[in-house]
Amino acid sequence: MKLNFSTEPSPSQWLNWHWQLEHAAHSIEEAAELLGVAPEKFASSRLAAARYPLFVTPYYLSLAESAELSDPIIRQCMPNDDEINCQQGGAPDALAEDATSPVPRLVHRYTDRALFVTGNICAMHCRHCMRKRDWCKMLPLPTDDELAAAVEYLKSHGEVREVLISGGDPLMLPEESLEKIIKAFSAVPSVEMLRIGSRVPCVLPMRITPRLAAIISSGKPAWLATHFNHPRELTQQVSDACGILNRGGVPIVNQSVLLKGVNDNAETLGKLFTSLLRYYIKPYYLFHGDPIEGAMHFRTGIEAGLKIMDELRGRISGMALPAFAFDLPDGNGKIRLQPEKILGRDENGAPIFKSWQKKEISYPN
């Protein structure tokens, strides 16, 4: 979608991540101006914008095909009062991250891995964010004391093999801060690998530079877990960013969220997952939406996700199929689900399975 600028940016400005952040929309009025519509177009968004502030780059807004709230791009970045009105069952911290943090910023839920929260700075406020509770807080950069406490905890818990560096978005940190965090965790003998969670390749791909890729790969083996939800998010700029990461030795996996009105059908997700492989991104997870206050209107129900996964089986390569999963409440961990394929048993007691062509096939033990 062509955006409305008072002064048209040059190609070099458009591809400059600093320019993108400087011209990001922070209000309904600014977003409406970029989209070339009256602010009244988003009158139903004001309550949500007051509680959960808007922040979106011109680059991401340009991926929309219309300014309608039903557009899958607009739906992910523009406030919608359903965020306020559809709250039943939602909680600010449904996964109990605060309760499972033994030291500040470090979440230790699974035996062999821990998560480090770097802050709440992002390149976009995704409306389905699981940490919307932090948007209006001041979360500064990790202090040296906080980083040292996390490192000491990991040293005393040698069972932790992997550290997930999350946020906000770690790739929005000053480079020296990111480098310090990677160096600190890489120095823990029992830590074997790092995983960095970032939506920057999707919403601000021009931020990915050879220097940033070199920092990511400067310590223990590091994987980047990114977050694409719709095929329209895959652009030439994304391809360029992934090329930089791949050449820098950073493998990439993708974690999508099943979002009502964005990607809740097999056609959209099938196109997304197969396209990701062409960008050298492995589809890793498709998550059912967490019961997060402010994001309940995106949830589809688990059965909808299982139905989509069943439709995709046989339609797309197994390489393109992620695991479908959801998180149990109160920090009790992930559950992976597969569509049920055992239909019963034949006269010889062998299980009967449903094939991807919907045939009923016995499989002798």
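Residues numbered from 1 in each chain as written. Predicted model: local features only at pLDDT ≥ 70, side-chain atom pairs only at ≥ 80, totals over all residues. Heavy atoms only, no water.

Draft legend 1. Spotlight on the overall build of the protein. Of regular secondary structure, the protein possesses 14 helices and 12 strands. In summary, the protein has a C-alpha radius of gyration of 21 Å against a globular reference of 21 Å for 365 residues, a match within 12%. Projected onto its principal axes, the C-alpha coordinates of the protein cover approximately 75 × 55 × 40 Å. In the protein, which comprises 365 residues, the share counted as buried stands at 55%. For the protein, the proportion of contacts with a sequence separation of at least 24, taken over those separated by at least 6, is 76%. Summed over all atoms, the accessible surface of the protein reaches about 16,300 Å², with 54% contributed by carbon and sulfur. Across the protein, the 39 positively charged side chains and the 43 negatively charged ones have centroids separated by 5 Å. (Helix = DSSP H or I, 4+ residues; strand = E, 2+ residues; numbered from the N terminus. Rg over C-alpha atoms; globule rule 2.2 N^0.38 Å. Buried < 20%, exposed > 50% of the residue type's maximum accessible area, 1.4 Å probe, protein only. Contact = heavy atoms within 4.5 Å. Areas by Shrake-Rupley, 256 points an atom, 1.4 Å probe, with all protein chains shown as cover. Lys, Arg positive; Asp, Glu negative; His and termini not counted. Charge placed at Lys NZ, Arg CZ, Asp CG, Glu CD.)

Draft legend 2. Geometry of the packing of aromatic side chains. Within the structure shown, the criterion is met by seven aromatic pairs. Taken together through their ring pairs, the aromatic side chains of Phe5, Trp14 and Trp19 make up a single cluster. Seen from the ring of Tyr110, Arg113 lies directly overhead, with NZ or CZ sitting 4.1 Å from the centre. The ring of Trp17 has Arg207 sitting right over it, with the charged end atom 4.2 Å from the ring centre. (Phe/Tyr/Trp six-rings, centres within 6.5 Å; stacked < 30°, edge-to-face > 60°. Lys NZ or Arg CZ within 6 Å of the ring centre and 35° of its normal.)

Draft legend 3. Summary view of the packing of helix 13 (residues 266–278) against helix 14 (residues 302–312). Where helix 13 contacts helix 14, the axes come no closer than 9 Å and their chain directions differ by 60°. Put simply, helix 13 runs oblique to helix 14. Considering the relative orientation of helix 13 and helix 14, their crossing is right-handed. Across the interface between the two elements, Ala266, Leu269, Gly270 and Phe273 of helix 13 pack against Ile308, Glu311 and Leu312 of helix 14. Taken together, the residues that form the contact of helix 13 with helix 14 break down as five nonpolar, one polar and one charged. (Axes fitted to C-alpha atoms, helices over the stretch in contact; angles between N-to-C directions. Parallel < 35°, antiparallel > 145°, perpendicular 65-115°, else oblique. Left-handed = near helix turned anticlockwise from the far one by under 90°. Nonpolar A, V, L, I, M, F, W, Y, C, P; charged D, E, K, R; others polar.)

Draft legend 4. Local environment of the nonpolar core. Counting residues in hydrophobic clusters, the biggest one holds 92 residues, and the most contacted among them are Tyr60, Leu61, Leu154, Leu171, Phe185 and Phe273. The contacts of Phe273, once residues within four sequence positions are left out, are Ser256, Pro283, Leu286, Leu312, Ile316, Ala320 and Pro322. Grouped together as the second largest cluster of nonpolar side chains are 11 residues, Val257, Val262, Ile292 and Ala323 included. (Core = buried A, V, L, I, M, F, W, Y, C linked by side-chain atoms within 4.5 Å.)

Draft legend 5. The arrangement of helix 9 (residues 175–186) in detail. For helix 9, built from 12 residues, the straight-helix expectation of 16 Å at 1.5 Å per residue is met to within 8% by its first-to-last C-alpha distance of 16 Å. Of all the positions in helix 9, only Ser177, Leu178, Ile181, Ile182, Ala184, Phe185 and Ser186 are classed as buried. Where helix 9 is buried, its residues touch strand 2 (113–117), helix 8 (144–155), strand 3 (162–166), strand 4 (193–197) and helix 11 (210–216). (Expected span 1.5 Å × (residues − 1).)

Draft legend 6. Spotlight on the sheet that holds strand 12 (residues 360–362). Strand order in this open sheet of three strands is 10-11-12, and the pairing throughout is antiparallel. Two strands bound the open sheet, and with one partner strand each, they are strand 10 (342–345) and strand 12. Adjacent strand axes in the sheet meet at a mean angle of 30°, parallel and antiparallel pairs treated alike. Pairing geometry for strand 10 and strand 11 (residues 351–354), over three bridges, is antiparallel. Opposite Ile342, over in strand 11, you have Phe353 as the bridge partner. (Pairing = 2+ DSSP bridges.)

Draft legend 7. Quick look at the state of the cysteines. Summed over all chains, the structure comprises zero disulfides. Looking at Cys122, it has no disulfide partner, and the nearest cysteine sulfur is the one in Cys129, 6.1 Å off. A relative accessible area of 22% places Cys122 in the partly exposed class. A disulfide-free cysteine, Cys242 has its sulfur positioned 10 Å from the sulfur of Cys202, the nearest such atom. (Disulfide = S-S within 2.5 Å.)

Draft legend 8. Region of interest: the pattern of salt bridges. Scanning the model with the defined rule gives 26 salt bridges in all. The salt bridge involving Glu68 is made with Lys41; its shortest N-O contact spans 2.4 Å. With Glu68 in the loop between helix 5 (58–61) and helix 6 (72–77) and Lys41 in the loop between helix 3 (28–35) and helix 4 (46–51), this pair connects stretches of sequence that are 27 residues apart. Relative accessible area serves as the criterion here: at 35%, Lys41 is assigned to the partly exposed category. Residue Glu162 is joined to Arg195 by a salt bridge in which the shortest nitrogen-to-oxygen separation is 2.7 Å. (Salt bridge = Lys/Arg side-chain N within 4 Å of Asp/Glu carboxyl O.)

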